[in-house]
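# Overview (structure and organization)
Listed here are the chains, written in short residue letters.
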Amino acid sequence: MEDYRTKCIELLKERGVTIEDIADCARFLQADYHVDLKLEELLESVHSVLSKREVQHAIMTAIELDKLAERKVMEDKDLEAILLRDEGLYGVDEVIAYGICNLYGSIALTNFGFIDKKKYGIIAKLNDEGKGTGRCNTFLDDIVGAIAASAASRFAHRWVK
């Protein structure tokens, strides 16, 4: 059986996202609570999130949809145009991200909403990269935010004072 975690890490890397980028976003989400938190401390949580099959399926689906829109090979040209514009009222990208966050509780959902609004780090880069360039990151930026939010939540739940 194929190792989907490795496949997903490679898919993310092909789209310009590293595990360290995601851990940096998770660190951003925890920085107010753990001032000296190091990126390395969150890498384990990112890897743990990426080990869940439901997360892997969301990553594969999201990236494939972005690629199809980018290559302009979608059968539904209206949908393709919506994805390429990353239309504000199109919320299916967030719904897929919520599926990841739901695995890690309400903290993950609020973390996701916060980082989605703030557009920190790689999420800002992905969001900007998709503006009028022909590149489609409509799903990817939300998936990355959800993974970071979930990793931050996992870290918070495991923190012992």
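Up top you'll find the structure we're talking about.
Residues numbered from 1 in each chain as written. Predicted model: local features only at pLDDT ≥ 70, side-chain atom pairs only at ≥ 80, totals over all residues. Heavy atoms only, no water.

This next bit is on the overall build of the protein. Within the protein, the regular secondary structure consists of nine helices and zero strands. The order of α-helices and β-strands along the protein, N terminus first, is α-α-α-α-α-α-α-α-α. Taking 15 Å as the expected radius of gyration for a compact globule of 161 residues, we find that the protein reaches 15 Å, a close match to that expectation. With the principal axes as the frame, the protein shows a C-alpha extent of 55 × 40 × 25 Å. Counting across all 161 residues of the protein, residues that qualify as buried make up 44%. Of the roughly 8,300 Å² of accessible surface on the protein, a fraction of 53% belongs to carbon and sulfur atoms. (Helix = DSSP H or I, 4+ residues; strand = E, 2+ residues; numbered from the N terminus. Rg over C-alpha atoms; globule rule 2.2 N^0.38 Å. Buried < 20%, exposed > 50% of the residue type's maximum accessible area, 1.4 Å probe, protein only. Areas by Shrake-Rupley, 256 points an atom, 1.4 Å probe, with all protein chains shown as cover.)

Phi angles above zero are rare outside glycine, and Lys72 is one such case at about 60°. Relative to the elements of secondary structure, Lys72 occurs in the loop between helix H4 (53–71) and helix H5 (77–85). Here the phi dihedral of Lys119 falls at roughly 55°; this positive angle occurs in a residue that is not glycine. Tracing the sequence through the fold places Lys119 in the loop between helix H7 (106–118) and helix H8 (122–129).

Turning our eyes to something else, we now look at the pattern of salt bridges. Any two side chains of opposite charge can pair, given that their charged atoms come close. Scanning the entire structure with this criterion turns up ten salt bridges. Residues Arg135 and Glu129 are paired through a salt bridge, measuring 3.5 Å at the closest nitrogen-oxygen approach. (Salt bridge = Lys/Arg side-chain N within 4 Å of Asp/Glu carboxyl O.)

Okay, the packing of helix H3 (residues 39–50) against helix H9 (residues 140–158) next. Packed helix pairs are characterised by how far apart their axes lie and by the angle those axes make with each other. One can describe the packing of H3 onto H9 by two numbers: an axis separation of 8 Å at closest approach and a directional angle of 115°. By crossing handedness, the relation of H3 to H9 is classed as right-handed. For the pair formed by H3 and H9, the contact residues are Glu41, Leu42, Glu44, Ser45, Val46, Ser48, Val49 and Leu50 on the first element and Ile147, Ser150, Ala151, Arg154, Phe155 and Arg158 on the second. The residue inventory of the contact of H3 with H9, partitioned by class, reads seven nonpolar, three polar and four charged. (Axes fitted to C-alpha atoms, helices over the stretch in contact; angles between N-to-C directions. Left-handed = near helix turned anticlockwise from the far one by under 90°. Contact = heavy atoms within 4.5 Å. Nonpolar A, V, L, I, M, F, W, Y, C, P; charged D, E, K, R; others polar.)

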